[in-house]
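This is what each chain is made of:
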Amino acid sequence: MKTLSEWASFGGRLSVHEHSSDVLQCPARFAVYTPPQATSGPCPTLWYLSGLTCTWANVMEKSGLQRYAAEQGLVVIAPDTSPRGDEVPDDESYDLGQGAGFYLTATEAPWSANFRMDTYLTDELAALVQSHFHIDADRQGISGHSMGGHGALTLHLKHPDRYRSVSAFSPIVAPTQVPWGRKAFSHYLGNDETRWERYDACKLVASHPSSARILVDTGSADNFLDEQLTPQKFIDACSAANQKLEYRMQTGYDHSYWFVASFIGDHLAHHASALSRLDE
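Being a predicted model, the structure only gives us computed values, none of them experimental. The numbering scheme is per chain: residues are counted from 1 as the chain's sequence reads. The predicted origin of the model limits local features to residues at a pLDDT of at least 70 and limits the giving and counting of side-chain atom pairs to 80 or more, whereas totals for whole chains, interfaces and linings rest on all residues. To obtain the side-chain values, all non-hydrogen atoms of the structure were included, while hydrogens and water were left out.

## A short note on the sheet that holds strand 1 (residues 2–9)
Part 1: What the 9 strands build is an open sheet, ordered 1-2-3-5-4-6-7-8-9; its pairing is mixed. Each edge of the open sheet carries a strand with a single partner, namely strand 1 and strand 9 (245–250). Across the sheet, the mean angle separating the axes of adjacent strands is 20° when strand polarity is ignored.
Part 2: We treat two strands as partners when DSSP finds at least two bridges between them. Helical segments are the DSSP runs of H or I of at least four residues, strand segments are the runs of E of at least two, and each set is numbered from the N terminus. As paired elements, strand 4 (residues 43–49) and strand 6 (residues 135–144) share 6 bridges and run parallel to each other. Considered in strand 6, the bridge of W47 is made with I142. Helix axes are fitted only over the stretch in contact, all axes being lines through C-alpha atoms; the angle between N-to-C directions runs from 0 to 180 degrees.

## Overview of the packing of helix 2 (residues 65–72) against helix 9 (residues 257–276)
Part 1: As a packed pair, helix 2 and helix 9 sit with axes 9 Å apart at the nearest point and diverge in direction by 25°. The pairing of helix 2 with helix 9 is recorded here as roughly parallel in orientation. As for the relative orientation of helix 2 and helix 9, their crossing is right-handed in sense. When helix 2 is examined against helix 9, the residues L65, Y68, A69 and Q72 are found in contact with a partner set consisting of I264, G265, L268, A269 and A272.
Part 2: Residues of the contact of helix 2 with helix 9, tallied by class, amount to 7 nonpolar, 2 polar and no charged. Angles are sorted into four bins: roughly parallel if under 35 degrees, roughly antiparallel if over 145, roughly perpendicular if 65 to 115, and oblique for all others. In this scheme the handedness of a crossing depends on how the near helix is turned from the far one: anticlockwise by less than a right angle means left-handed, clockwise means right-handed. Residue contacts are counted whenever heavy atoms from the two residues lie within 4.5 Å of one another. Three classes are used: nonpolar for Ala, Val, Leu, Ile, Met, Phe, Trp, Tyr, Cys and Pro, charged for Asp, Glu, Lys and Arg, and polar for all others, with Gly counted as polar.

## Thoughts on unusual backbone geometry
Part 1: Between A109 and the following residue, P110, the backbone shows a cis peptide bond with an omega angle of 0°.
Part 2: With respect to the helices and strands, P110 occurs in the loop between strand 5 (75–79) and helix 3 (117–132).
Part 3: Positive phi, normally seen in glycine, also occurs at F10, with a value near 50°.
Part 4: For F10, the position within the fold is in the loop between strand 1 and strand 2 (12–21).
Part 5: At F102, a residue that is not glycine, the phi angle is positive and equals roughly 60°.
Part 6: Turning to its location among the elements, F102 is positioned in the loop between strand 5 and helix 3.

## What to know about helix 2
Part 1: Residue burial is assigned from relative accessible area. The probe radius is 1.4 Å, only protein chains are included, and a residue is buried under 20% of its type maximum, exposed over 50%, and partly exposed in between. Taken together, the buried positions of helix 2 are L65, Q66, A69 and A70. Along helix 2, the residues classed as buried sweep out an arc of 135° about the axis, all on the same side.
Part 2: Packed against the buried residues of helix 2 are strand 1, strand 2, strand 3 (26–34), helix 1 (56–62), strand 5 and helix 9.
Part 3: Residue G73 follows helix 2 closely and has a positive phi angle near 70°. Here the arc refers to the directions that run from the helix axis out to each C-beta atom.

Written as structure tokens, this is what we have:
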């Protein structure tokens, strides 16, 4: 692992790193905000997953999370969304290929050699971060935006003992039923739609609800609301499964990082509170 950039921020440090990923078969970059409290020992950790076309930079440069992470004493880790590089398969459209990893393990050629973002996050990057940063491995949460919100919800529901708290901004909650997900899943996972269900938050919560309280914010002016996000499907699925959910529809907000920045403080407080209660 090598450090590419590093800055002081709100008493802590924001750093950007690169390493050669065995899982993704390409170089991978990620950013870490380390709060000032880390000088005294391991801190609870929040993984933040970004959306289509994004990198680590979107949340670290546009959300203003550093102020809140410093106040709450949270390490925040922002991985890339997808494998990248000249040898990595890609597509001309923004919603497939590099920039559109969908936090899954692809099974279809040519994607299967590189597109393994869920395994990369839960295994390889988790071990790398644990060995280099002051994180409390027993106090980890996960959040994300749009495609990253999909990733956060599904990874939490599949690994509730690892990601003990969860939230999402404008998540794709039923990818097996909407254009973004159906396009990506058919290419990455093939045409057997039963294999898609392991990456669908509505399907997962129906069979594996968690004990966490899920926080979700979506904007009422989001132009993807009805076609791609379909929030009522997740609200109904959580209700049927007795999953604790706070789904807030924020009037007048869209899909942008102006929206994320407006409520990122609430989300970091949600995670800090949930992770601090684990000893109770």
